[in-house]
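As a plain string of letters, each chain reads:
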Amino acid sequence: MFTIAQSELVQIFRNRAVLITNLFMPAAAAAFFIWSRDTFERIGSLGYVAAVLVFTVAAFGLYATTVTTLAARRQTLFLKRLRSTAASDPAILSGLVLPVAVTAVLQVAVILVVFAGVSVAPAQVALLVAAIAAALVMMLALGIATAGVTRSPEHAQITTLPLSLGVIAVASWVGISGTEELGWLKRLLPGGSATELVVDAWNGGVPLADSLPLLAPTFAWVVVAIAVARRMFRWEPRR
């Protein structure tokens, strides 16, 4: 797995399109939100800004890059060749997505540290870490599932767009309007409960015991994504 991951990391830095999607787009968007934090705080809160920062990286740096990477490796028959080795299917997929996942975690950490430095620190760090972990795992699983219906890296620009923009829209909806109205709907949407967790963790004022159950809808999406991936993922080029 780690040999595959090392090779994949080299490929990421050689591919300009993936490099832009994985690193530069999330960093540029994060810089904009941090620079405009006072404006966004007035319409939401600092927790809302933190949630948007997390999901910007999760949507573009993690989700879209995972789909593009797996589609590209399938198109070049690299996935098929890997299956002829001693590596198991889970080890192959883990090795391919590990560099993207680690990069996303580091990006989120750096961006939130900078954000905390120029604003205020989160009130509940442990809850924030749990919320971020749940959100990233969800987006990674959804990325593998989406790769199953993506024919090529070029096609990934289309297949990833609805969910990428959708989770950021959900994060903005929940972060600005809260969950006092239509709370059940907002929490069931992908990213909705994770957004509420990030907002609560950053702003404080919500008991930890009341927030932890919100992890359930996010992990439910992980289960759904894994089930879809197991059914739809293809190791050879789609016709």
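Procedures and definitions
- Residues numbered from 1 in each chain as written.
- Predicted model: local features only at pLDDT ≥ 70, side-chain atom pairs only at ≥ 80, totals over all residues.
- Heavy atoms only, no water.
- Helix = DSSP H or I, 4+ residues; strand = E, 2+ residues; numbered from the N terminus.
- Rg over C-alpha atoms; globule rule 2.2 N^0.38 Å.
- Buried < 20%, exposed > 50% of the residue type's maximum accessible area, 1.4 Å probe, protein only.
- Areas by Shrake-Rupley, 256 points an atom, 1.4 Å probe, with all protein chains shown as cover.
- Lys, Arg positive; Asp, Glu negative; His and termini not counted.
- Charge placed at Lys NZ, Arg CZ, Asp CG, Glu CD.
- Phe/Tyr/Trp six-rings, centres within 6.5 Å; stacked < 30°, edge-to-face > 60°.

Asks: Even after reading the chapter, I still don't get the overall build of the protein chain, so can you show me in this structure?
Replies: Looking only at helices and strands, the protein chain has 13 helices and 0 strands in total. Put simply, the protein chain runs from its N terminus to its C terminus through helices and strands in the order α-α-α-α-α-α-α-α-α-α-α-α-α. Relative to a compact globule of 239 residues, whose C-alpha radius of gyration would be 18 Å, the protein chain shows 18 Å and is just as compact. Dimensions of the protein chain, computed from the C-alpha atoms along their principal axes, are close to 55 × 35 × 30 Å. For the protein chain, the residues scored as buried account for 51% of the 239 residues in total. Entry remark: accessible area of the protein chain is about 11500 Å², with carbon and sulfur atoms responsible for 67%. Where the 17 positive side-chain charges of the protein chain centre and where its 11 negative ones centre are 17 Å apart.

Asks: What is the right way to read the packing of aromatic side chains from this model?
Replies: Geometry of an aromatic ring pair is reported as the spacing of the ring centres plus the angle between the planes. Using the criterion set out here, one finds 2 aromatic pairs in the structure. Aromatic pair Phe 233 and Trp 235: ring centres 5.3 Å apart, planes at 85°, arrangement edge-to-face. Given a relative accessible area of 10%, Phe 233 falls into the buried group.

Taken by themselves, the reported measurements are silent on function.
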